[in-house]
Amino acid sequence: MPKLRLLHDKGVDITILVSEDVEEETLKSLARVAKVKVKKGLFGGGIISDKRYVVLLLGEELGTSSLKEAVAIWADHSGLAGFAREYFEYLLKESKDVK
């Protein structure tokens, strides 16, 4: 979480949406450097940066050594980032604040 702290200290607004199965201690740690919201029924995930860059986490795939590997799509397409941002904000409206 040191990188989040650096961004926070530089004045970057960070909003994190997490599933309700995240541990309380983790929520408290994240809430120190970001606005954290909780929503039931989340799957996948992602990152949106500068209204242009987006990483969409689609889930996990079982690797050859029985280890799970993240499957993701990265793009620097402003249209895709805009769509992802709208969907993220839609999810935020139906989520609960972490205090």
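Up top is the structure these notes are about.
Residues numbered from 1 in each chain as written. Predicted model: local features only at pLDDT ≥ 70, side-chain atom pairs only at ≥ 80, totals over all residues. Heavy atoms only, no water.

A. A look at the overall build of the chain. The helix and strand inventory of the chain stands at three helices and six strands. In sequence order, the chain lays out its α and β elements as α-β-α-β-β-β-β-α-β. Buried residues in the chain amount to 22% of all 99 residues. Of all intrachain contacts in the chain linking residues separated by at least 6 positions in sequence, the fraction that spans at least 24 positions is 42%. When the accessible surface of the chain is split by element, carbon and sulfur atoms take 54% of a total near 7,800 Å². (Helix = DSSP H or I, 4+ residues; strand = E, 2+ residues; numbered from the N terminus. Buried < 20%, exposed > 50% of the residue type's maximum accessible area, 1.4 Å probe, protein only. Contact = heavy atoms within 4.5 Å. Areas by Shrake-Rupley, 256 points an atom, 1.4 Å probe, with all protein chains shown as cover.)

B. Structural context of the packing of aromatic side chains. Inspection of every chain in the model, using the stated rule, returns one aromatic pair. Summarising the aromatic geometry, the rings of Y87 and Y90 are spaced 6.3 Å apart at their centres and angled 25 degrees between planes, so their arrangement reads as stacked. Pair noted here: Y87 and Y90 are both in helix α3 (residues 78-93), with a separation of three residues, about one helical turn. A relative accessible area of 46% means that Y90 is categorised as partly exposed. (Phe/Tyr/Trp six-rings, centres within 6.5 Å; stacked < 30°, edge-to-face > 60°.)

C. Summary view of the environment of D50. One can find D50 in the loop between β3 (45-49) and β4 (53-62). Residue class for D50 comes out exposed when judged on its relative accessible area of 66%. Taking the C-alpha atoms as reference, D50 lies 9.2 Å from S78; in sequence the two are 28 residues apart.

D. Spatial organisation of the nonpolar core. Among the nonpolar cores identified, the biggest contains nine residues, and these are I14, I16, V18, L27, L30, A34, V36, V38 and V98. Looking at this core, the elements that each hand over two or more residues are β1 (15-19), α2 (24-31) and β2 (35-39). If near-sequence neighbours (up to four positions away) are discounted, V18 is found in contact with L27, L30, V36, K37, V38, K39 and L42. (Core = buried A, V, L, I, M, F, W, Y, C linked by side-chain atoms within 4.5 Å.)

E. Summary view of the sheet that holds strand β6 (residues 96-97). Strand order across the open sheet formed by three strands is β1-β2-β6, with mixed pairing between neighbours. Only two strands of the sheet have a single partner each, and these edge strands are β1 and β6. By the bridge criterion, five bridges tie β1 to β2 in an arrangement that is parallel. For L17, the partnering residue across the bridge sits in β2 and is K37. Sitting on the sheet, α3 is in contact with β1 and β2, with an inclination near 65 degrees to β1. (Pairing = 2+ DSSP bridges. Axes fitted to C-alpha atoms, helices over the stretch in contact; angles between N-to-C directions.)

F. Quick peek at α2. Burial in α2 covers these residues: L27, S29 and L30. For α2, the buried positions fall inside an angular range of 165 degrees around the axis, keeping them on one side. Exposed residues on α2 whose side chains face more than 90 degrees from its buried face are E24 and E25. (Arc of directions from axis to C-beta.)

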